[in-house]
Amino acid sequence: MELAKRLDRLPPYLFVEINQKIAELRARGEEVINFAIGDPDSPTPSHIIESMCQAAHNPANQRYPETAGLPELCQAIAEWYEKRFGVTLNPSTEVLPLIGSKEGIGHMALCFIEPGDLALVPDPSYPPYSLGTILAGGELYFMPLKEEDDFLLDFETIPGDLADKAKLMWLNYPNNPTGAVASLDFFEKAVHFAKQHNLVICHDAPYTEVAFDGYKPPSFMQIPGSKDRGVEFHSLSKTYHMTGWRIGMMVGNADIVRALFRVKSNLDSGVPQAIQYAAVEALRGSQEHIAEHNGVLQRRRDKLLKVINETGLKARTPRATFYIWARIPQGYTSIDFTKELLDEAGIAVTPGIGYGKEGEGYIRFSLTISDNRLEEGVSRLLAWRRRRG
Ligand SMILES: Cc1ncc(COP(=O)(O)O)c(C=O)c1O
């Protein structure tokens, strides 16, 4: 059997390797504290599940859905954007539900990238931005995000000729893995840069509702002109603890929405309707759990940060996302450090190199583990530090 060459360009999905190693340790009877995966640890709020169950009993929702999504869901997404960000969207032309935002992100390159075309991708970044481009046969230019710039992209460092050549630019704030946040000023620069270089901007924003200390992250779509050349991906996964249900959305420029719809309508049959109704309830129903949960995450953030910084690692206090991006001591690669933590402390983190070359020298902790496990992780980190002297 001969596999297509494009598969050779795909690195192994990062978490698969880590999970394999964790499974090996667990098979040996060792308990691992897993700080590696960003997946909310508490259940989907029950009012959302109830609306899903009700919808699932209705035979009309047991048939193929429409890829374009239920008009009611598109309307609820538009209302949510209006209420949360003051952004007005046409639900019929500027909103597209996705089978989780990862699905849309992965397929996006098929709309714009011909073999050999260039996409601009931040480094470090969530891997599907680059993997989608690779699968479409495109080429990548990695835009470094530097700690000294607060992990904000410095547009001036992007060579003008490459920017002119590129078709797409990916951005993501609040940022995975660095936890960095962007202001409206930054987004304004992005819109200006896109106009100057005739680029499409894809902003990925699944963490706007996971924020601390009263901070409210903005949306890229708040910038006048963002809709001319841009879209935003968002998700119900992190806000409503719905990772397992697979529901997200893309909003913004109507031509781009139509293009992704054309790709998707030929590949998938949309989001199961009971899940779409659950999403309507999530977006329109009580939002109380969000602040409550951010409070829990903030307490975890503060507890873990203190210990991380006492352990010879260096991390900034993230204002959003459930990640802590920690600089490791010199002399280690992020893979070696991750293996050492796993072998010597039974703690799993994500090595920074998995997010790109610029991620080398860092590891990522996720706060989505229960308080008890976090306590255990904190004790293990301290004991490990003492043993190392
Ligand atoms: C930056 C970023 N974008 C998108 C996603 C995908 O979210 P989903 O496919 O669950 O909507 C994730 C998930 O971890 C993420 O971290």
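Residues numbered from 1 in each chain as written. Predicted model: local features only at pLDDT ≥ 70, side-chain atom pairs only at ≥ 80, totals over all residues. Heavy atoms only, no water.

### Describing the pattern of salt bridges
Part 1 of the argument: Scanning the model with the defined rule gives 25 salt bridges in all.
Part 2 of the argument: Taking the shortest distance from any N to any O, the salt bridge between lysine 5 and glutamate 2 comes out at 3.8 Å.
Part 3 of the argument: In this structure lysine 5 comes out as exposed when scored by relative accessible area, which is 60%.
Part 4 of the argument: Residue glutamate 2 is classed as exposed on the basis of its relative accessible area, which comes to 71%.
Part 5 of the argument: Residue glutamate 375 pairs with lysine 303 through a salt bridge whose shortest N-O separation is 2.5 Å. (Salt bridge = Lys/Arg side-chain N within 4 Å of Asp/Glu carboxyl O. Buried < 20%, exposed > 50% of the residue type's maximum accessible area, 1.4 Å probe, protein only.)

### A closer look at the pairing of strand E3 (residues 118–123)
Part 1 of the argument: Burial within E3 is extensive, with six of its six residues counted as buried.
Part 2 of the argument: Alternating positions in E3 separate into two faces, Leu118, Leu120 and Pro122 on one and Ala119, Val121 and Asp123 on the other, with burial throughout.
Part 3 of the argument: Direction of pairing for E3 relative to strand E4 (residues 139–144): parallel, over a ladder of six bridges. Bridge pairing in E4 links valine 121 to phenylalanine 142.
Part 4 of the argument: As a crossover connection, the stretch from E3 through helix H5 (residues 128–135) into E4 is right-handed. (Helix = DSSP H or I, 4+ residues; strand = E, 2+ residues; numbered from the N terminus. Pairing = 2+ DSSP bridges. Right-handed = clockwise from strand over helix to strand, strands pointing away.)

### Let's talk about the packing of aromatic side chains
Part 1 of the argument: For the structure on display, the rule yields 20 aromatic pairs.
Part 2 of the argument: Plain terms: the ring middles of phenylalanine 186 and phenylalanine 187 are 6.0 Å apart, the flat faces sit at 65 degrees to each other, and that makes the pair edge-to-face.
Part 3 of the argument: According to the relative accessible area criterion, phenylalanine 186 is buried, its value standing at 5%.
Part 4 of the argument: You can call phenylalanine 187 buried: its relative accessible area is 0%.
Part 5 of the argument: Ring pairing ties together the aromatic residues Phe155, Tyr173, Phe186, Phe187, Phe193 and Phe220, which thus form one cluster. (Phe/Tyr/Trp six-rings, centres within 6.5 Å; stacked < 30°, edge-to-face > 60°.)

### Here's the deal with the packing of helix H4 (residues 101–112) against helix H9 (residues 254–267)
Part 1 of the argument: H9 packs onto H4 with a crossing angle of 105 degrees between their chain directions and a minimal axis gap of 9 Å. Relative to H9, the element H4 is oriented roughly perpendicular. Contacts from Glu103, Gly104, His107, Met108, Leu110, Cys111 and Phe112 of H4 reach H9 at Ile256, Ala259, Leu260, Val263, Lys264 and Leu267.
Part 2 of the argument: Within the contact of H4 with H9, the residues separate by chemical class into nine nonpolar, two polar and two charged. (Axes fitted to C-alpha atoms, helices over the stretch in contact; angles between N-to-C directions. Parallel < 35°, antiparallel > 145°, perpendicular 65-115°, else oblique. Contact = heavy atoms within 4.5 Å. Nonpolar A, V, L, I, M, F, W, Y, C, P; charged D, E, K, R; others polar.)

### Remarks on the pairing of strand E7 (residues 230–235)
Part 1 of the argument: Among the six residues of E7, six are classified as buried, and the element is accordingly described as predominantly covered.
Part 2 of the argument: Relative to E7, strand E6 (residues 200–204) runs parallel, the two being bridged by four bridges. Across the sheet, isoleucine 201 pairs through a bridge with glycine 230, a residue of E7.

### Description of the side chain of arginine 84
Part 1 of the argument: Summarising the element assignment, arginine 84 is placed in helix H3 (residues 71–85).
Part 2 of the argument: Of the polar contacts made by the side chain of arginine 84, one reaches the backbone oxygen of proline 217; its length is 2.8 Å.
Part 3 of the argument: Discounting residues that sit within four places of it in the chain, arginine 84 has contacts with Thr208, Glu209, Lys216 and Pro217. (Polar contact = N/O pair within 3.5 Å; in protein donor to acceptor, adjacent residues only side chain to side chain.)

### A short note on H3
Part 1 of the argument: Its 15 residues give H3 an end-to-end C-alpha distance of 21 Å, which sits within 8% of 21 Å, the value for a rise of 1.5 Å per residue.
Part 2 of the argument: Elements in contact with the buried residues of H3: strand E2 (95–98), E7, strand E8 (248–252) and helix H10 (273–284).
Part 3 of the argument: Of the residues one or two after H3, glycine 86 is the one with positive phi, at around 70 degrees. (Expected span 1.5 Å × (residues − 1).)

### Quick word on the sheet that holds strand E5 (residues 168–172)
The pairing of strands in a sheet happens through backbone hydrogen bonds and is either parallel or antiparallel.
Part 1 of the argument: Here seven strands make up an open sheet; going across it, the order is E2-E8-E7-E6-E5-E3-E4 and the pairing mixed. Pairing within the sheet leaves two strands with one partner each, and these edge strands are E2 and E4. Neighbouring strand axes in the sheet, compared pairwise and without regard to direction, differ in orientation by 20 degrees on average.
Part 2 of the argument: In this sheet, E6 lies alongside E5 in parallel orientation, the contact comprising five bridges. Note that in E6 the partner of methionine 169 across the bridge is isoleucine 201.
Part 3 of the argument: Seen against the sheet, H5 touches E3, E4, E5 and E6 and runs at an angle of roughly 160 degrees to E4.
Part 4 of the argument: In the packing of H9 onto the sheet, contacts are made with E2, E6, E7 and E8, and the angle to E2 comes to roughly 35 degrees.

### With respect to the sheet that holds strand E13 (residues 362–366)
Part 1 of the argument: In spatial order, the strands read E9-E10-E13-E12; together these four strands make up an open sheet with antiparallel pairing. Taken across any chain shown, the strands that pair with only one partner, and hence form the sheet edges, are strand E9 (314–315) and strand E12 (350–351).
Part 2 of the argument: With two bridges joining them, E9 and strand E10 (residues 323–327) adopt antiparallel strand pairing. Following the sheet pairing, alanine 315 is matched in E10 by alanine 326.
Part 3 of the argument: Relative to E13, helix H12 (residues 334–345) is tilted by about 45 degrees, and along the sheet it contacts E12 and E13.

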